[in-house]
Amino acid sequence: MVSIATWNINSVRLRMPIVERFLTEQAPDVLCLQEIKCQEHQFPYEAFRALGYEHFAVHGQKGYHGVATVAKTPLKEFSRHDWQDNGEARHVGVELTEHQGMIVENVYVPAGGDEPDREVNPKFGQKLDFLERMTRWADAVDRPTLIVGDFNIAPLESDVWNHKQLLKVVSHTPVEVESLQRFMDAHGWADIGREHIKAPERYYSWWSYRSKDWKANDRGRRLDHMWASPELAKQATGHAVHEHARDWDKPSDHVPLVTEFTL
């Protein structure tokens, strides 16, 4: 059995107290973080070691983006891809050496700006190009792989608080959803979250800081995902969304997801 969590933490150093709380309460074997917002030498290694997480793969940069995978179980860094082709730290992959060589890819897809038009908003074009490069990579994946992270796309109608109102809002536009579907089809990924929380049941992982009462308004989106290779997906035995973490002191705007596998 191995449990794997993913969480866009929105600054690991600022939010280390809630990371400690989550790890103490849930104790996943592996935690994949996005948007760590620090360079590799600034990562709080000792705080993780004190909690029993002694294995690391950190891909950081100054002040922005960055991803890190920490684990109680041995791992070795497996890959780093620059899917945006601009040097930003948005991906790191690891091999879990004591769990049948399972590959865990940790990715932070660009948000894409505010306007869903690449002609007037270059950031949106960069996001679509990032997804296209991911799709070409996925077409060649030949090992049991779990890809997790902040995909910054909520593909299904029940992944957003209001489908019609968000059709022209970046993260739920048809062109993004179609791009994400091509990525899924390239490897036949299984959407673990939706294997366990069936549509059309509500499923969100992000609520804006702009909402004064996130729980009452519940204007959420499912931007975070855990997708598995077809053969690996059959070994997923449980999946949880820890919405309560959005209520913690100085929270991230995202909440953790956890999947358990019988490996």
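You'll find the structure just up there.
Let me begin by describing the structure that accompanies this report.

What counts, and at which threshold
- Residues numbered from 1 in each chain as written.
- Predicted model: local features only at pLDDT ≥ 70, side-chain atom pairs only at ≥ 80, totals over all residues.
- Heavy atoms only, no water.
- Helix = DSSP H or I, 4+ residues; strand = E, 2+ residues; numbered from the N terminus.
- Rg over C-alpha atoms; globule rule 2.2 N^0.38 Å.
- Buried < 20%, exposed > 50% of the residue type's maximum accessible area, 1.4 Å probe, protein only.
- Contact = heavy atoms within 4.5 Å.
- Areas by Shrake-Rupley, 256 points an atom, 1.4 Å probe, with all protein chains shown as cover.
- Lys, Arg positive; Asp, Glu negative; His and termini not counted.
- Charge placed at Lys NZ, Arg CZ, Asp CG, Glu CD.
- Expected span 1.5 Å × (residues − 1).
- Patch = residues over 30% accessible without salt bridge, like charges linked within 9 Å, V, L, I, M, F, W, Y side chains within 5 Å.
- Salt bridge = Lys/Arg side-chain N within 4 Å of Asp/Glu carboxyl O.
- Arc of directions from axis to C-beta.
- Polar contact = N/O pair within 3.5 Å; in protein donor to acceptor, adjacent residues only side chain to side chain.

**A closer look at the overall build of the protein**
The helix and strand tally for the protein stands at eight helices and 14 strands. Taken over the C-alpha trace, the protein has a radius of gyration of 17 Å; the compact-globule value for 263 residues is 18 Å, and the two agree within 12%. Considering only C-alpha atoms, the protein reaches an extent of 45 × 45 × 35 Å along its principal axes. For the protein, with 263 residues in total, the buried portion stands at 58%. Sequence-distant contacts, at least 24 apart, represent 66% of the contacts inside the protein between residues at least 6 apart. Of the roughly 11400 Å² of accessible surface on the protein, 46% is carried by carbon and sulfur atoms. The protein carries 31 positive and 40 negative side-chain charges, and their two centres are separated by 5 Å.

**Structural notes on the environment of Ala 47**
Note on placement: Ala 47 falls in helix H2 (residues 45-49). Distance in space between the C-alpha atoms of Ala 47 and Arg 13 is 9.9 Å, their sequence separation being 34 residues. Sequence-distant contacts of Ala 47, defined by excluding residues within four places in its chain, comprise Met 16 and Glu 20.

**Points about helix H3 (residues 122-138)**
Over its 17 residues, H3 extends 24 Å from the first C-alpha to the last, a length consistent with the 24 Å expected when each residue adds 1.5 Å. Every buried residue of H3 is listed here: Phe 124, Gly 125, Lys 127, Leu 128, Phe 130, Leu 131, Met 134, Thr 135, Trp 137 and Ala 138. Looking at the buried positions of H3, the neighbouring elements they touch are strand S7 (102-108), strand S8 (145-150) and helix H5 (174-187).

**Structural notes on a negative patch on the surface**
A grouping of Asp 114, Glu 115, Asp 117 and Glu 119 is seen on the molecular surface, where their side chains present a negatively charged patch. Among the structural elements, Glu 115 can be located in the loop between S7 and H3.

**Notes on helix H1 (residues 16-26)**
Among the residues of H1, Met 16, Ile 18, Val 19, Phe 22 and Leu 23 are the ones counted as buried. The buried residues of H1 all sit within an arc of 160° when viewed along its axis, so they share a single face. Pointing more than 90 degrees away from the buried face of H1 are the exposed residues Pro 17 and Thr 24. Residues of H1 that are buried make contact with strand S1 (2-8), strand S2 (30-34), H2 and strand S14 (257-261). Phi turns positive, to about 50°, at Ala 27, one or two residues after H1.

**Brief notes about the side chain of Thr 73**
Along the chain, Thr 73 turns up in the loop between strand S4 (67-71) and strand S5 (75-79). Here the side chain of Thr 73 touches His 99 through a polar contact of 3.3 Å, side chain to side chain. In this structure Thr 73 touches Asp 29, Val 30, His 55, Leu 96, Glu 98 and His 99, once residues within four positions along its chain are discounted.

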